[in-house]
Amino acid sequence: MPTILIVEDEAAIADTLLYALQAEGFATEWISLGRDALARLDAGGIDCVVLDIGLPDLRGFDVCRELRKTSDVPVLFLTARSDEIDRIVGLEIGADDYVTKPFSPREVATRIKTILRRTARQATSPTPATIAGLTLDRAAGRIACHGQALTLTRYEFLLLAELIEHPERIFNRAQLMDRVWQDALDTDERTVDTHIKTLRTKLRAVLPDLDPIVTHRGLGYSLCRIPSCA
Ligand code: CA
C-alpha cells in the first residue's frame, strides 16, 4: 500500500485529502510545516508527496528543491495561484505534477495513481531500454531505431537518451540544459530546440510517418511511448 505524505497547513484541505486518499486505498500521513516534512521524508518510506506551495515556514518550492538534493520521491504540488504554475513548470525544481485549488480530491487521487504508475514503470524498465522503437544502450553510447543504429552527435545522443529514460515526462528547456549540457555552460536554451530539430530529421529518415518527440507548447518536450499518438 503506497504511503502518501500530505504537506498542507490548512486542516480542512488536509482532512479532505486524507479522507479521499484513504478511500482509494492509500496510507496517508499529514504534516503542516515544510521543515517537518523534510525531516519526515529524510526518514524514508514515503511513495509520493502532495506539497502545498504556501506553507507557514518554507515555500513549497524550497521544500521540493531541498528534497531533490537527496531524493527522487514524486512531488505533486498544490497551488492556489495561477502565477505559481509558471514557476512550477518553468523552474528546475523537480515537480512531477500539480493541481490548482480549489481541486476535487478525486482528481488528486487520480494524479497520484498516474505518477506512481509512471515511476513504477521507470523502476522496472530493462537495460538497454526500448521505448517507442528506440533502443538505448548508454554504456555503448548507441541508440537504435527499430534496430537501425542512429548516427548522432554527442549532444543529440545525450538528449535523446534522457528522453528515452523518462518516457512521457515533460522536460522544459532549462531542465534539458541542466541534464544534457552539463559541461557546456555557455550554450543557451535555443540549443535544445536546434538539437530536437536535428534529432527529428534523423528519426524521420527511419520513421517517415511517426514523430516520437512531442512538443508541449510553453512547457517543453517529451518522448511519446506510442509514437502513433504524436
Ligand atoms: Ca497553505
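Residues numbered from 1 in each chain as written. Predicted model: local features only at pLDDT ≥ 70, side-chain atom pairs only at ≥ 80, totals over all residues. Heavy atoms only, no water.

## Describing helix α8 (residues 190-206)
Here α8 is 17 residues long and its end C-alpha atoms lie 25 Å apart, about the 24 Å a rise of 1.5 Å per residue gives. Those residues of α8 that are buried are in contact with β7 (134-137), β8 (142-145), α6 (154-165), α7 (173-180), β10 (213-216) and β11 (220-223). (Helix = DSSP H or I, 4+ residues; strand = E, 2+ residues; numbered from the N terminus. Expected span 1.5 Å × (residues − 1). Contact = heavy atoms within 4.5 Å.)

## Things to note about the packing of helix α2 (residues 34-42) against helix α3 (residues 60-68)
Taken N-terminus to C-terminus, the directions of α2 and α3 make an angle of 20°; their axes are 10 Å apart at the nearest point. For the element pair α2 / α3, the angle class is roughly parallel. Of the two elements, α2 crosses α3, and the hand of that crossing is right-handed. Residues Gly34, Leu38 and Leu41 of α2 form the contact with α3, whose own contacting residues are Val63, Glu66 and Leu67. Residue composition of the contact of α2 with α3, by class: 4 nonpolar, 1 polar and 1 charged. (Axes fitted to C-alpha atoms, helices over the stretch in contact; angles between N-to-C directions. Parallel < 35°, antiparallel > 145°, perpendicular 65-115°, else oblique. Left-handed = near helix turned anticlockwise from the far one by under 90°. Nonpolar A, V, L, I, M, F, W, Y, C, P; charged D, E, K, R; others polar.)

## Comments concerning the coordination of the calcium ion
Distances from the calcium ion to its protein donors, Asp9 (OD), Asp52 (OD) and Gly54 (O), fall at 2.2 to 2.3 Å. Mapped onto the sequence, the donors of the calcium ion take the spacing D-x42-D-x1-G. Separated by 45 residues along the polypeptide, Asp9 in the loop between β1 (3-7) and α1 (11-23) and Gly54 in the loop between β3 (48-52) and α3 bring together distant segments of the chain. With a relative accessible area of 31%, Asp9 lands in the partly exposed category. (Donors = N, O, S within 2.8 Å, 3.2 Å for Na, K, Ca; no water. Buried < 20%, exposed > 50% of the residue type's maximum accessible area, 1.4 Å probe, protein only.)

## Description of the domain arrangement of the protein
Domain assignment breaks the protein into domain 1 (3-123) and domain 2 (129-229). Each of domain 1 and domain 2 has a C-alpha centre, and these two points are 28 Å apart. (Domains from an automatic or database assignment.)

## Description of the pairing of β8
In terms of strand pairing, β7 meets β8 through 4 bridges, oriented antiparallel. Across the sheet, residue Leu134 finds its bridge partner in β8, namely Cys145. Between β7 and the antiparallel strand that follows it, β8, lie 4 residues; Gly141 among them carries a positive phi value of about 70°. The sheet contact formed by β8 and strand β9 (residues 148-149) spans 2 bridges and is antiparallel. Along β9, the bridge assignment pairs Cys145 with Gln148. Taking the residues that link successive antiparallel strands as the turn, the β8-β9 hairpin has 2 residues, and the phi of His146 there is positive, at about 50°. (Pairing = 2+ DSSP bridges.)

## Examining the sheet that holds β1
An order of β2-β1-β3-β4-β5 is seen for the 5 strands of this open sheet, with the pairing classed as parallel. The sheet is open, and its two edges are formed by β2 (27-31) and β5 (97-100), each paired on a single side. Shown here is a sheet whose adjacent strand axes are inclined to one another by a mean of 20°, direction ignored. Direction of pairing for strand β4 (residues 75-79) relative to β5: parallel, over a ladder of 4 bridges. Its bridge partner lying in β5, Leu78 is registered against Val99. α1 rests against β1, β2, β3 and β4 of the sheet, and its axis sits at about 170° to β2.

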